[in-house]
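Structural features, examined
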Amino acid sequence: MSVNKVILVGRLGRDPETRYTGGGQAVANFSMATDESYKDKNGERQKRTEWHKIVVWSKLAEIAQQYLKKGSLLYLEGRLQTREWQDKEGQKRTTTEIVATNFRMLGGRAEGAAAGGGGAAAARSGGDDMESHAAPADDSYGGGSGGGHAPSGPEISDEDIPF
């Protein structure tokens, strides 16, 4: 058995940048900073910032593009992924990134509104699990055929409702 799980709480270093694959699937990229405070050997408080490359796919990428802005405080879950590619000079490069599976905006209403969101919006890949608090209620992020990596739950019919 193995586990590849990453949980981060930090701030966006830049607005999400969204592109679409040849098949029309959205993919968003952004950076996220986490801070660590510690005392050095002289007893002085030091602060270290770690930067993370984040990749978000499908409906979750569209939600990120719509609601996340530079400086947004974010709780994010995902997995580490390393991939190889060639640069313009033909050199083999390796990059490690976090593929996000869900996220939640943190902070108060004022911070969320300033960041372009609506307070605390939560999102999971697949879109059907989208939950929002004080975010605009429209169909731009709910349900639909987002083609996410995570399978959606079973279809619910009127017979499944207990009342």
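**Structural notes on the overall build of the protein chain**
In terms of helices and strands, the protein chain carries two helices and eight strands. The helix and strand sequence of the protein chain, counted from the amino end, reads β-β-β-β-α-β-β-α-β-β. Classification of the 163 residues of the protein chain by burial places 34% in the buried group. Partitioning the intrachain contacts of the protein chain with sequence separation of at least 6 by distance along the chain shows that 55% fall at a separation of at least 24.

**Structural notes on the nonpolar core**
In this structure, F30, I54, V56, L68, L74, L76 and F103 are the most contacted members of the largest nonpolar core, which totals 21 residues. For this core, the secondary-structure elements that each account for two or more residues are β1 (6–12), β3 (26–39), β4 (45–57), α1 (58–67), β5 (73–86) and β6 (92–105). Residue contributions to this core peak at five residues, all from α1. Every residue in contact with F30, bar those within four places of it in the chain, is listed here: L12, R14, D15, P16, H52, K53, I54, V56, A64, L68, L74 and L76.

Rules used in this analysis
Residues numbered from 1 in each chain as written. Predicted model: local features only at pLDDT ≥ 70, side-chain atom pairs only at ≥ 80, totals over all residues. Heavy atoms only, no water. Helix = DSSP H or I, 4+ residues; strand = E, 2+ residues; numbered from the N terminus. Buried < 20%, exposed > 50% of the residue type's maximum accessible area, 1.4 Å probe, protein only. Contact = heavy atoms within 4.5 Å. Core = buried A, V, L, I, M, F, W, Y, C linked by side-chain atoms within 4.5 Å.

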